[in-house]
Amino acid sequence: MLTTRGGKIASPEAQPGHGEVSDPGLGAQTVTDLLNEAPASKFHRRTVIISGVGFFTDAYDLFVIGTAATLVALEWHLSTLQTSWVTGAAILGAFVGAFTFGRIADVIGRKKVYVTVAVIMIFGAVASAFAPDFIFLVIARLVLGLGIGGDYPVSAVFMSEYSNRQDRGRLVGLVFSMQALGLIVGPLIALLLLSSGIGDGLSWRILLGLGAVPAAAVVYLRSKMPESPRYLAQVQGESARAATDLKRFSDGVITQPTGAAIVSGRLQLRQFLSDPRMLKLILGTAAAWFLFDYAYYGNTLSLPAILKEVNPTASLETKLLWSLGMFVIFAVPGYLLAIAKMDRIGHRRLQFLGFSVMALCFVVLAIVPALTQHVAPFLGILGLSYFFIQFGPNMTTFVLPSEVFPVSMRTTGHGMAAGIGKLGSFVGVFLVPVLQDHIGLRGLLAVAGASAVLGFAVTTLLPEPAGRSLEDVSAVDIAPARIAPVVADPNPSDSGFRSA
């Protein structure tokens, strides 16, 4: 059992809420209690938008590079290895950024990191657009990746910690679903630029530079967000500030005064990494994300090269249209259905379902030669895999790590999972072209199918968090060290909520 200077880790049964305990003498609910039962309202929607716009930037920046790298390689006469570095640099940066900023956000708070990573993304996108040579572009994309990686844990956890227990998957999923817009907007802008006649050299610079626009739009909004109320109350012991900020940010939707709360304190990193249950959660979230991102990002970012093998005569514009069609016809409905149904189906169960169909599609493409020789059946089955990728692990690998870790290690745990996931993407970007050269398209699809099977297997390590409070799911917090003060509301309501 873990111990700290403050005592042993409390069992979930011993302390309702695990981090905050209402004072029975006051009969008031804590910030955590109120958040768990708050109806979905305008302050949830505001948080979705503020986090989601940043995640749109993440998706746009990661996915347009496939097209941009093709143009850069032609202009600068890059080798296959150099082109892979242009494609994969931001993903490698995201690996480092997720680990680094995920940990920092648990130490100094979510909000500061929330703003910082958006600023880094602006700088990286602008620097990429003005890159004079290959080395500069790779470094700029690495910097951009630091911001993208850092945005994964803070965006997911910020939304998760503001959510109620019944709608948490849907709300965090809405943040992630902004990726769908990035998948559509990127190819659309690329098509417009390529057909405008301005030239390939200027097109890729504009394509990369536009990634700074949404990040710039969200910096101010993030600076006005209050700190996560769960983090303030449970980790920093500032229940009074948490309640005041929450009432203001919710525009009075949450009005109930909060009772005295017992502060849970912090898990030390060494304790976190040595506890068997935490290691099991890290393995379950990180391995699933790694295996999924290898198969998904490796194939998606290499899609122009894959489609070239299926139809060698197709132009870049045609391949962009095929990619766009798959995203619109298959991926977007998958995102929408996941948002609508994941809390009812279950987050873990949905990951099982997605990995299953994903594996089946890749294996069928690998064992039936005719399917990789004609565009229509190839795109149809690959598109079906795209639907269940979104209605499955692409959504759930982002959501689950924001739920299963204790509050004082939530962004650390999510950052580890996201970072290992991005490492899988990086491996895929480099390995997929090599596999395609050595074992052919069907061989690399078989490897992707095997990755999906392994992803299904490691998902068994995770609990089912749907419909449960974050405190119940994490079920580990440090024994209380002190009692946080009460915040009184001169006009309390019986329920703690006011109609929005």
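Everything numeric in this text was worked out from a predicted model, so none of it was measured.

On to the overall build of the protein, then. Along its length, the protein carries 20 helices and five strands. Taking all 500 residues of the protein together, the buried fraction comes to 62%. Looking at the protein alone, contacts between residues at least 24 apart form 86% of all its contacts between residues at least 6 apart. Accessible surface, the protein: about 17600 Å² in total, of which carbon and sulfur atoms supply 67%.

With that out of the way, let us pick up the pattern of salt bridges. Applying the stated criterion across every chain, the model contains 13 salt bridges. A salt bridge links Asp-167 to Arg-170; the nearest nitrogen and oxygen atoms lie 3.6 Å apart. Residue class for Arg-170 comes out partly exposed when judged on its relative accessible area of 26%. The salt bridge involving Arg-248 is made with Asp-245; its shortest N-O contact spans 3.5 Å. Linking Arg-248 with Asp-245, this pair stays in helix α11 (residues 239-249), spanning three residues, or about one helical turn. Overlapping salt bridges, with partners in common, bring together Asp-106, Arg-110, Glu-161 and Arg-410 in one network.

Turning our attention to the environment of Thr-460. Tracing the backbone shows Thr-460 in the loop between α19 (410-459) and α20 (470-474). Beyond its immediate chain neighbours, meaning those up to four positions away, Thr-460 contacts Arg-348 and Phe-352. In this structure the side chain of Thr-460 is engaged in a polar contact, spanning 2.6 Å, whose partner is the backbone oxygen of Ala-457.

This brings us to a nonpolar patch on the surface. Judged by side-chain polarity, Ile-104, Val-107 and Ile-108 come together as a nonpolar surface patch covering roughly 210 Å² of accessible area. Turning to its location among the elements, Val-107 is positioned in helix α4 (residues 80-108). Given the relative accessible area of 43%, Val-107 is considered partly exposed.

This brings us to helix α3 (residues 65-76). Here α3 contains twelve residues, and its C-alpha end-to-end distance of 15 Å stays within 8% of the 16 Å for a straight helix at 1.5 Å per residue. Listed in full, the buried residues belonging to α3 are Ile-65, Gly-66, Thr-67, Ala-68, Ala-69, Leu-71, Val-72, Ala-73 and Trp-76. Phi turns positive one or two residues past the end of α3, at His-77, with a value near 55 degrees.

Attention shifts here to the packing of α3 against helix α8 (residues 200-209). It is the contact of α3 with α8, at a shortest axis distance of 9 Å, that shows an interaxial angle of 145 degrees. The chirality of how α3 crosses α8 is left-handed. Contacts between α3 and α8 involve Ile-65, Thr-67, Ala-68, Leu-71, Val-72, Glu-75 and Trp-76 from the first element and Asp-200, Gly-201, Ser-203, Trp-204, Arg-205, Leu-207 and Leu-208 from the second.

On average, residues of the protein carry a pLDDT of 82, and 84% of them reach 70 or more. Within the protein, strand β1 (residues 3-4) has the poorest average pLDDT of any element, 32, and helix α18 (residues 393-399) the best, 95. A low-confidence stretch, residues 1-27 (pLDDT under 50), is modelled with 63 contacts involving residues beyond four sequence positions or located in other chains. Confidence drops under a pLDDT of 50 for residues 477-490, and excluding neighbours within four residues, the segment shows 58 contacts in the predicted structure.

Turning our attention to the side chain of Asp-151. Locating Asp-151 in the fold gives a position in helix α6 (residues 134-162). Residue Asp-151 is classed as buried on the basis of its relative accessible area, which comes to 0%. A polar atom in the side chain of Asp-151 sits 2.7 Å from the side chain of Arg-222. Here Asp-151 is in contact with Gly-54, Phe-55, Asp-58, Val-117, Met-121, Ala-156 and Arg-222, once residues within four sequence places are set aside.

Take the packing of helix α5 (residues 110-129) against α6 next. For the pair α5 and α6, the least separation of the axes is 8 Å and the interaxial angle reads 150 degrees. Overall, the two elements α5 and α6 adopt an arrangement that is roughly antiparallel. Viewed along their axes, α5 and α6 form a crossing whose handedness is left-handed. Its residues assigned to classes, the contact of α5 with α6 shows 18 nonpolar, five polar and five charged.

In this section: the nonpolar core. Ranked by internal contacts, the top residues of the largest apolar core, which has 104 residues, are Phe-43, Tyr-152, Tyr-162, Met-358, Met-395, Phe-398 and Leu-445. In terms of residue count, the dominant contributor to this core is α19 (13 residues). Judged by nonpolar contacts, the second largest core, of 27 residues, contains Ile-65, Val-86, Ala-89 and Leu-137.

Our focus in this paragraph is helix α9 (residues 212-223). In a regular helix each residue adds 1.5 Å, so twelve residues correspond to 16 Å; α9 covers 17 Å between its end C-alpha atoms and thus fits that length. Considering only its buried residues, α9 is in contact with α2 (42-63), α5, α6 and α8.

Here the focus is the packing of aromatic side chains. Under the definition given, this model contains 23 aromatic pairs. A centroid spacing of 5.8 Å and a plane angle of 70 degrees characterise the contact between Tyr-296 and Tyr-386, whose relative ring orientation is edge-to-face. Linking Tyr-296 in helix α13 (residues 276-301) with Tyr-386 in helix α17 (residues 375-390), this pair joins segments that are 90 residues apart in sequence. The pair Tyr-296 / Tyr-386 is uniform in exposure class, with both members buried.

Time to look at the environment of Pro-465. Relative to the assigned elements, Pro-465 resides in the loop between α19 and α20. Assessed through its relative accessible area of 0%, Pro-465 is described here as buried. Placed 66 residues apart in sequence, Pro-465 and Val-399 show a C-alpha to C-alpha distance of 9.9 Å. Excluding residues within four positions of it along the chain, Pro-465 makes contact with Arg-168, His-347, Leu-400, Glu-403 and Val-473.

This part takes up unusual backbone geometry. One non-glycine residue, His-77, lies in the positive phi region at around 55 degrees. Secondary-structure assignment places His-77 in the loop between α3 and α4.

What follows is about the environment of Tyr-162. Assignment of secondary structure puts Tyr-162 in helix α6. We classify Tyr-162 as buried; its relative accessible area is 0%. Residues Tyr-162 and Val-48, spaced 114 residues apart in sequence, show a C-alpha to C-alpha distance of 9.8 Å. Not counting the four nearest positions on each side in its chain, Tyr-162 is found in contact with Leu-35, Phe-43, His-44, Thr-47, Met-225, Pro-226, Glu-227, Ser-228, Pro-229, Leu-246 and Phe-249.

Definitions and cut-offs
Residues numbered from 1 in each chain as written. Predicted model: local features only at pLDDT ≥ 70, side-chain atom pairs only at ≥ 80, totals over all residues. Heavy atoms only, no water. Helix = DSSP H or I, 4+ residues; strand = E, 2+ residues; numbered from the N terminus. Buried < 20%, exposed > 50% of the residue type's maximum accessible area, 1.4 Å probe, protein only. Contact = heavy atoms within 4.5 Å. Areas by Shrake-Rupley, 256 points an atom, 1.4 Å probe, with all protein chains shown as cover. Salt bridge = Lys/Arg side-chain N within 4 Å of Asp/Glu carboxyl O. Polar contact = N/O pair within 3.5 Å; in protein donor to acceptor, adjacent residues only side chain to side chain. Patch = residues over 30% accessible without salt bridge, like charges linked within 9 Å, V, L, I, M, F, W, Y side chains within 5 Å. Expected span 1.5 Å × (residues − 1). Axes fitted to C-alpha atoms, helices over the stretch in contact; angles between N-to-C directions. Left-handed = near helix turned anticlockwise from the far one by under 90°. pLDDT = per-residue confidence, 0-100. Parallel < 35°, antiparallel > 145°, perpendicular 65-115°, else oblique. Nonpolar A, V, L, I, M, F, W, Y, C, P; charged D, E, K, R; others polar. Core = buried A, V, L, I, M, F, W, Y, C linked by side-chain atoms within 4.5 Å. Phe/Tyr/Trp six-rings, centres within 6.5 Å; stacked < 30°, edge-to-face > 60°.

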